[in-house]
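# Structural description and commentary
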Amino acid sequence: MNNNKLYKLIIVEPSEIIRSGLEKLFNESYMFRIIDSFNSYSSFKEGSHNLTAEIIIINPILIDNEKQHSIKSLFHEFSEVGIVALIYSHISSDILRQYDGIIEINDTFGKIESILNSALKVTDSKKDLYNNHELTDREKDVLIAVAKGLMNKEIADKLNISIHTVISHRKNITRKTGIKSVSGLTVYALINNLIDKEEEFL
């Protein structure tokens with residue numbers, strides 16, 4: 001990591017007071033600079049296409065409940081960007097584990113900078129994985145079957161492969177998407193148009 005580099009941040013936070021406070025803090029930083037801020041996830045998705053940043057700081061409450069377990073797929077176009085949660089209410093630990101860092105509302109600015117530095121290191125270590133995150137056709141077949149509620153043996157029979165191969169494909173799917181739960185994989189399949197809503201659990 002180049003210590004002389006000024007790392008660009010995007011803030012996605014509903015509170016104007018908190019956004020303004022973060023902007024004031026980061027204006028005094030020699031390492032991080034906020035390039036834009038948004039008050040909702042939808043406005044971020046609409047306005048972030050031409051922005052290049054190293055870290056996105058987002059309040060998890062802005063993500064719909066059914067999509068909370070597939071954070072990596074929601075930010076798939078920012079696969080080499082650190083996604084850091086900003087929290088000041090209770091968020092499930094299962095959800096928080098998907099983020100590259102967690103900032104709490106009472107953290108000092110020094111701690112915030114340390115958390116962002118750690119997120120940058122995590123992102124650097126994952127770049128090779130992100131560059132090869134595309135699912136193979138067979139992995140997509142297995143993912144679709146999982147999203148439809150099929151068990152490993154049923155998937156093996158349907159695709160004419162062994163249960164061992166199904167398990168291997170599922171491990172690769174989890175590694176590439178960063179999603180472990182069936183509900184999260186189902187959301188991933190929906191978001192990426194691998195299944196239609198009416199196909200779920202058929």
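Look a little higher up for the structure.
These figures come from a predicted structure and were not determined experimentally.

### So, the overall build of the protein
- The number of helices and strands found in the protein is 9 helices and 5 strands.
- Going from N to C terminus, the protein has its helices and strands arranged as β-α-β-α-β-α-β-α-β-α-α-α-α-α.
- Overall, the C-alpha framework of the protein stretches about 60 × 35 × 30 Å when taken along its three principal axes.
- Buried positions account for 43% of the 202 residues belonging to the protein.
- Pairs at least 24 residues apart make up 65% of the contacts formed inside the protein by residues separated by at least 6 positions.
- For the protein, the accessible surface area stands at approximately 10900 Å², while carbon and sulfur atoms represent 49% of it.
- Between the centroid of the 24 positive side chains of the protein and the centroid of its 28 negative side chains there is a distance of 5 Å.

### Brief notes about the nonpolar core
- Core analysis: the biggest nonpolar cluster contains 22 residues, and Phe44, Ile56, Ile58 and Phe75 have the highest contact counts within it.
- Taken together, the elements giving at least two residues each to this core come down to β1 (7-12), α2 (41-47), β3 (55-58), α3 (71-74), β4 (82-87) and α4 (93-96).
- With 3 residues, the single largest contributor to this core is β4.
- In this structure, Phe44 is in contact with Ile10, Val12, Phe38, Ile56, Phe75 and Phe78, ignoring residues within four places of it in sequence.
- With 19 residues, the next largest nonpolar core counts Phe32, Val84, Ile115 and Leu116 among its residues.

Parameters at a glance
- Residues numbered from 1 in each chain as written.
- Predicted model: local features only at pLDDT ≥ 70, side-chain atom pairs only at ≥ 80, totals over all residues.
- Heavy atoms only, no water.
- Helix = DSSP H or I, 4+ residues; strand = E, 2+ residues; numbered from the N terminus.
- Buried < 20%, exposed > 50% of the residue type's maximum accessible area, 1.4 Å probe, protein only.
- Contact = heavy atoms within 4.5 Å.
- Areas by Shrake-Rupley, 256 points an atom, 1.4 Å probe, with all protein chains shown as cover.
- Lys, Arg positive; Asp, Glu negative; His and termini not counted.
- Charge placed at Lys NZ, Arg CZ, Asp CG, Glu CD.
- Core = buried A, V, L, I, M, F, W, Y, C linked by side-chain atoms within 4.5 Å.

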